[in-house]
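The primary structure of each chain is shown beneath.
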Amino acid sequence: MFFRPKTKYTVYTYGAEVLRKPAAAISEVTPEIRETAAVMFRTMQLFDGIGFAGPQSGVGKRLITLMVPGPSGGAVSPGEALLLPRMPLAIINPEIIAVSDVTDIVEEGCLSIPRISAPVERAQFIRFRALTLDGEALECECGGLLARCLQHEFDHLNGILFVDRLAKEVFRDLEPQLQRLQKTGRKKDFKKTLTV
Ligand code: ZN
């Protein structure tokens, strides 16, 4: 019989300090960075997310893992055409170079803010730049869910959460739930874990 040690996968939740600290750029993709990306992929998959950023994994590094589904049909942006077939994808040091004036408002959730979702206004299109773990430079214009997901994850790298971007009255309505989440989170050191 073959035994494999169980591994603990952690998501840091609302109230955790690491979620509020700007993450550091990655100067070199070391084996540790690859291992971190692998753990983040697995965590994202276990918790059923489509995007996950270093700080959510307790890692203050500019690393994002993506598993954006689609496209669901219709016209797609060049970025979606390029990147969606390459999911799951890990990117490092992303930059948003430009955002469209056109915005839309879509309901968002976050693995670090479980069971809470709310409408967030964001640019419909972005031009972004990043590197893959193999050093390939990506630069493209994205729309759709991918653009939204990238903006959400990019915010994480700067210590920003989607609840920071809500309309005032929406935030006010959610505040009691967020306070409860923070209170229960504190008892578990702001960690949500799965051991598999
Ligand atoms: Zn999030």
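Please refer to the structure placed before this passage.
Bear in mind that the values here come from a model prediction, so they are computed numbers and not experimental data.

Calculation criteria
- Position numbers for residues start from 1 in each chain and track the written sequence from start to end.
- Reporting of local features is limited, given that this is a predicted model, to residues whose pLDDT is at least 70; pairs of side-chain atoms are given and counted only at 80 or more, and all residues count toward the totals for whole chains, interfaces and linings.
- Working from all heavy atoms in the structure, the side-chain values ignore hydrogens and water.
- In this listing, donors mean N, O and S atoms no farther than 2.8 Å from the metal, or 3.2 Å for Na, K and Ca; water is missing from the atoms, so a site can look incomplete.
- Here the term buried applies to any residue with accessible area under 20% of the maximum for its type, exposed to any over 50%, and partly exposed to those in between, with areas from a 1.4 Å probe on protein chains only.
- By this definition, two strands are paired if DSSP reports at least two bridges between them.
- Strands here mean DSSP runs of E at least two residues long; helices mean DSSP runs of H or I at least four residues long; both are numbered from the N terminus.
- Here, axes are lines fitted to C-alpha atoms. For helices the fit covers the stretch in contact, and angles between N-to-C directions go from 0 to 180 degrees.
- Whether two residues touch is decided by their heavy atoms; if any such pair falls within 4.5 Å, the residues are in contact.

Draft legend 1. Fine view of the coordination of the zinc ion. Donor atoms from the polypeptide that coordinate the zinc ion comprise Cys 110 (SG), His 152 (NE2) and His 156 (NE2), at 2.1 to 2.2 Å from the metal. On the accessibility criterion, Cys 110 (11% relative accessible area) is buried. The class of His 152 is buried, set by a relative accessible area of 6%.

Draft legend 2. Quick look at the sheet that holds strand β8 (residues 137-142). If you trace the five strands from one edge of the open sheet to the other, you get β2-β3-β4-β7-β8, paired in antiparallel fashion. Edge strands, defined here as strands with exactly one partner in the open sheet, are β2 (51-53) and β8. Each strand of the sheet is rotated relative to its neighbour by a mean of 35 degrees, with strand direction disregarded. Here strand β3 (residues 63-66) runs beside strand β4 (residues 89-99); their pairing, made up of four bridges, is antiparallel. In the sheet register, Ile 64 faces β4, and the bridge partner there is Ile 91. Of the strands in this sheet, β2, β3 and β4 touch helix α1 (residues 31-46), which is tilted by about 40 degrees from β3. Running at roughly 150 degrees to β3, helix α3 (residues 144-157) makes contact with β2, β3, β4, β7 (126-132) and β8 of the sheet.

Draft legend 3. Region of interest: the pairing of β7. Residues Ile 126, Phe 128, Ala 130 and Thr 132 point to one face of β7 and are all buried, whereas Arg 127, Arg 129 and Leu 131, pointing to the other face, are not buried. For β4 and β7, the ladder comprises six bridges, and the chain directions are antiparallel. Note on β7: the bridge partner recorded for Glu 95 is Arg 129. As paired elements, β7 and β8 share six bridges and run antiparallel to each other. Counted as the bridge partner of Ile 126 is Cys 142 from β8. The turn linking β7 back onto β8 is made up of four residues, and Gly 135 within it adopts a positive phi angle of 85 degrees.

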